[in-house]
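# Reading the structure
Read off the chains here:
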Amino acid sequence: MLLLIHNNSITMKRIVSIFFMVLLLTPCFAQKQKVGIVLSGGGALGFAHIGALQALNEAGIYPTIIAGTSMGALMGAMYADGMTPQEMYKVIKKYKMDKVGTIITPAVRSQSLGFANPKNMNKMMREVLPHNNFDSLKYPMYICVANLNTGAPEFGHRGKYLHEYMLASSAIPGLFEAVEINHNYYVDGGLFNNFPAEAIRKQCTYLIGVDCNPRHANVSIHSTKDIALRCVTVLVQNNSIPGREMVDYLIESPANALYKSLDFDKFETIYTFGYEATKKYLSKHPEMVKKLAVKK
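A short tour of the structure in this document, coming up. (Residues numbered from 1 in each chain as written. Predicted model: local features only at pLDDT ≥ 70, side-chain atom pairs only at ≥ 80, totals over all residues. Heavy atoms only, no water.)

Under the definition given, this model contains eight aromatic pairs. Following the ring pairs from residue to residue traces out a cluster consisting of F47, Y89, F264, F267 and Y271. (Phe/Tyr/Trp six-rings, centres within 6.5 Å; stacked < 30°, edge-to-face > 60°.)

Here it is, written out as structure tokens:
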């Protein structure tokens, strides 16, 4: 009798242990079920991400983990903070981020590490995302930056320095000031990885990618500036290949066939390109909506 009671006690302890193990592991399994999204860099062309997110939300698809580079990092961080695409659109207009003069403000320091000072971008971030911390965001956010000291890409995704990583990820070398974080200098993540799918691939069951720098057969070059921009485009297109191959659904915004990365004044048109490209993609892939859409 005593042996039976003892065995039953051991069995109950095992059941309780297994029960609590399941409870502890459940969040891990739940996290794996998330829909992730990768937002490429592209300067002004990245405004297409707002349109893409708008179309996805209208279809009932709400990514819950984000990775981005350059403009994809800026747009991604706002979305990760819980902002709707409509609210993101209003922020761009309110802070005049659709004006080249707002984005590119000449640096005044003689020892500046870039031509342009990000003071206007800083102001927007402080007011729109007042908590300079990744952990304050509603959804996990991974920002790709290029570490000039180590010569390798890095991902900011937890703790402080959210603003600094956002600025660094969009700091086009030579144009915008390099950003110092913990005694290292960082610039645009597109230098190494313009489509950082690897950062969140293992955390997603389904991964959506939005690339605002797809390849085009016809390229027009008429000036030295066009040559410089074309060199940057080729660089980011090539380092985007591994990430593009990792996603389950790849949406391409074709605005780069007509506009350049510095065409900030084409905000509304580029936004529309992203929206229409995503609507078209969804209509051609009804299985995507069936698998990923949720009811709210």
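Still to come is the rest of the account.
One turn of an α-helix holds 3.6 residues; hence residues three or four places apart share an orientation. Burial analysis of helix α3 (residues 71-80) places 10 of its 10 residues in the buried class, the great majority of the element. M71, G72, A73, L74, M75, G76, A77, M78, Y79 and A80 are the residues of α3 that are buried. Immediately downstream of α3, the backbone of G82 shows phi near 100°, a positive value. (Buried < 20%, exposed > 50% of the residue type's maximum accessible area, 1.4 Å probe, protein only. Helix = DSSP H or I, 4+ residues; strand = E, 2+ residues; numbered from the N terminus.)

Within helix α2 (residues 48-58), 10 of the 11 residues are buried, leaving the element largely enclosed by the surrounding structure. Regarding α2, the residues found buried are A48, H49, I50, G51, A52, L53, Q54, A55, L56 and N57. A positive phi of about 90° marks G60, the residue just after α2.

Let's shift gears to the side chain of D98. Within the secondary structure, D98 is located in the loop between α4 (85-94) and α5 (100-103). Excluding anything up to four places from it in sequence, D98 contacts I92, K93, F264, D265 and F267. (Contact = heavy atoms within 4.5 Å.)

Okay, the pairing of strand β8 (residues 184-188) next. Across three bridges, the pairing between strand β5 (residues 141-147) and β8 is antiparallel. From the neighbouring strand, V145 faces β8, where its bridge partner is D188. Bridging between strand β7 (residues 179-181) and β8 involves three bridges; their strand directions are antiparallel. Directly across from V179, in β8, lies its bridge partner Y186. Adjacent in sequence and paired antiparallel, β7 and β8 are bridged by two residues, among which N182 carries a positive phi angle near 50°. (Pairing = 2+ DSSP bridges.)

The analysis is restricted to geometry; functional conclusions fall outside its scope.
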